[in-house]
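Breakdown of the fold
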Amino acid sequence: MPFDLGAPARLSTTVTDDDGVPADAGSMALTVMLPDGTSSVFDPVVPVSTGQYKYTYATTQPGRHAVRWVASGINATAYVDVFDVREAIPTWIISLADAKQQLKMPAGTSQDESIRRWIGATTAAVEWFVGPVAERTVTETHTVGRVQALALRKLPALALTSVVPVLDGGPTYDVAALDLDGNDGIVRRKDGGPLYGPLRVTYTAGRRIVAENISAAAELILQHLARTQYGSGRPQLGTGDFDVTEPVPGLGYAIPNRALQLLSPDQLPPGMA
């Protein structure tokens, strides 16, 4: 399961002898390789019991981490693994409380981490159709010549942050002198002049108000996806809510028909995702 940024990642490995019985190594070192390419080395790591090595690592960066345990001397061995750390502010479409209510989960936290993963998967599915829901910063490179407008790729777009040249000597545009059509993502100069590229555009995309049809569709999709883990024994809304009769390009049969219908008023134009 992914860890929240700043939460401790509890790492462990077991060393055995030639007969498969837990046994201490001569020495144990742990290396954690961070997403930015740097590494943290912890040497030595002492066993907490015979053959059992554990280390609590305080996470500091979001992204994929690689772990390498290396035992040297007697019972020499090596073990590698990975773990993920979420961004500080996830772009989830619904809350854990709403997800648990939709799944009719009992009180308690034993399934919370699993449900949070399904929320992340549900968010990606919904945004496939309607674009970003939670606000986030987007940076794109647009290779344009002399054009009257450029089209941002993530809709809806809320506000421009900067438009700067990729190459030395290129023009920088004051965002106050640019017009943004947020629904279409079209950026133009207010004076009618052309835009020259290549340009690196940073902007905010998403929705400040999430329409109820989008959040309701997200709850249906989450319930549909979670059935693979929680089964059909838990109370459901009815078979028809979860019918999937046609594959969705890029998503297969992951989206129930009723959710598609709810998302249709906000669906992106063809070619946008």
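Just above sits the structure.
Right, let's walk through the structure included here.

This part takes up the sheet that holds strand 11 (residues 157-165). Spatially, 3 strands are ordered 8-15-11 in an open sheet, and the strand pairing comes out antiparallel. Pairing within the sheet leaves two strands with one partner each, and these edge strands are strand 8 (136-142) and strand 11. Neighbour-to-neighbour, the strand axes of the sheet open up by a mean angle of 20 degrees, direction not taken into account. Here strand 11 runs beside strand 15 (residues 199-205); their pairing, made up of 7 bridges, is antiparallel.

Take the packing of helix 1 (residues 96-103) against helix 2 (residues 112-130) next. Running from N to C, helix 1 and helix 2 cross one another at 100 degrees; their axes reach a closest spacing of 10 Å. The pairing of helix 1 with helix 2 is recorded here as roughly perpendicular in orientation. Packed against helix 1, whose contacting residues are L96, A99, K100 and L103, the element helix 2 presents D112, I115, R116 and I119 at the interface. Its residues assigned to classes, the contact of helix 1 with helix 2 comprises 5 nonpolar, no polar and 3 charged.

Once that is clear, we can look at the environment of S39. By secondary structure assignment, the location of S39 is in strand 3 (residues 39-42). Taking the relative accessible area as the measure of exposure, S39 reaches 45% and is therefore partly exposed. In the structure, S39 is positioned 26 residues away from H65 in sequence and 9.5 Å away in space, judged by C-alpha atoms.

What counts as what
Residues numbered from 1 in each chain as written. Predicted model: local features only at pLDDT ≥ 70, side-chain atom pairs only at ≥ 80, totals over all residues. Heavy atoms only, no water. Pairing = 2+ DSSP bridges. Helix = DSSP H or I, 4+ residues; strand = E, 2+ residues; numbered from the N terminus. Axes fitted to C-alpha atoms, helices over the stretch in contact; angles between N-to-C directions. Parallel < 35°, antiparallel > 145°, perpendicular 65-115°, else oblique. Contact = heavy atoms within 4.5 Å. Nonpolar A, V, L, I, M, F, W, Y, C, P; charged D, E, K, R; others polar. Buried < 20%, exposed > 50% of the residue type's maximum accessible area, 1.4 Å probe, protein only.

Honestly, that's just the spatial picture; any functional story needs more than this.
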